[in-house]
Amino acid sequence: MPTVISLLKRTLQSLAGLLLALVVLFEEWGWIPLSRLLQALGRLHVWRVLEKRIAALPPHWALPLFATPMVVLFPVKLLVLQRLATGHLWQAAVLEILSKLVGTAIVAWLFQLVQPALMQIGWFARWYPRWLLWKARWFALIRSSRPWRIGRLMRRRVRRWWHTLQKQA
């Protein structure tokens, strides 16, 4: 018979894993479209120059630059907690969603620029494939879940309904 502590530990680990998976899932869904949004700025000469300089950074500068969005957005996360603590749930939710969108866009864009430099850092080159494997396992688990399959089915039905509605108009 499991003890209360072991049951609590497993429950907390499951919840932490689920939360982490949801964050990874959000970032994966947003990664490509949000990075494309920032790449669209590449039409501006100033932006192209900035991208070239970032891509040319040596590894010891690329790593802190890649971490910068997380550091810069940390005060926003504290503000989200403050809004939650004072009962302003909608403000906290909007702030969190906006900071997540902005942060994901910037991190995705930066990662595309600095990945070659980061892969020259020994520990990063060792851990990055492990991260990709861990993420792939979580995605496989999520995609095989019943809620995911139901969500996909509902999405297909809504799309069919929308296309039918558009044809009738």
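You'll find the structure just up there.
Because the structure is predicted, anything quoted here is derived from the model rather than measured.

1. Here we look at a positive patch on the surface
Okay, so step 1: A cluster of basic residues, Arg143, Arg152, Arg155, Arg156, Arg157, Arg159 and Arg160, forms a positive patch at the surface.
Okay, so step 2: By the element assignment, Arg143 lies in helix H5 (residues 122-143).
Okay, so step 3: Taking relative accessible area as the criterion, Arg143 reaches 45% and is therefore assigned partly exposed.

2. Overview of the nonpolar core
Okay, so step 1: Counting residues in each nonpolar core, the largest one holds 18 residues, and the members touching the most others are Ile54, Phe66, Trp109, Phe111, Val114, Leu118 and Phe124.
Okay, so step 2: Those elements giving two or more residues to this core turn out to be helix H1 (4-39), helix H2 (45-55), helix H3 (59-85), helix H4 (89-118) and H5.
Okay, so step 3: Sort the elements by how many residues they give to this core and H4 lands first, with 9 residues.
Okay, so step 4: Non-local contacts of Phe124, meaning those with residues more than four positions away in its chain, are made with Phe111, Leu118, Met119 and Pro129.

Rules and cut-offs
- Residues numbered from 1 in each chain as written.
- Predicted model: local features only at pLDDT ≥ 70, side-chain atom pairs only at ≥ 80, totals over all residues.
- Heavy atoms only, no water.
- Patch = residues over 30% accessible without salt bridge, like charges linked within 9 Å, V, L, I, M, F, W, Y side chains within 5 Å.
- Areas by Shrake-Rupley, 256 points an atom, 1.4 Å probe, with all protein chains shown as cover.
- Salt bridge = Lys/Arg side-chain N within 4 Å of Asp/Glu carboxyl O.
- Lys, Arg positive; Asp, Glu negative; His and termini not counted.
- Charge placed at Lys NZ, Arg CZ, Asp CG, Glu CD.
- Helix = DSSP H or I, 4+ residues; strand = E, 2+ residues; numbered from the N terminus.
- Buried < 20%, exposed > 50% of the residue type's maximum accessible area, 1.4 Å probe, protein only.
- Core = buried A, V, L, I, M, F, W, Y, C linked by side-chain atoms within 4.5 Å.
- Contact = heavy atoms within 4.5 Å.

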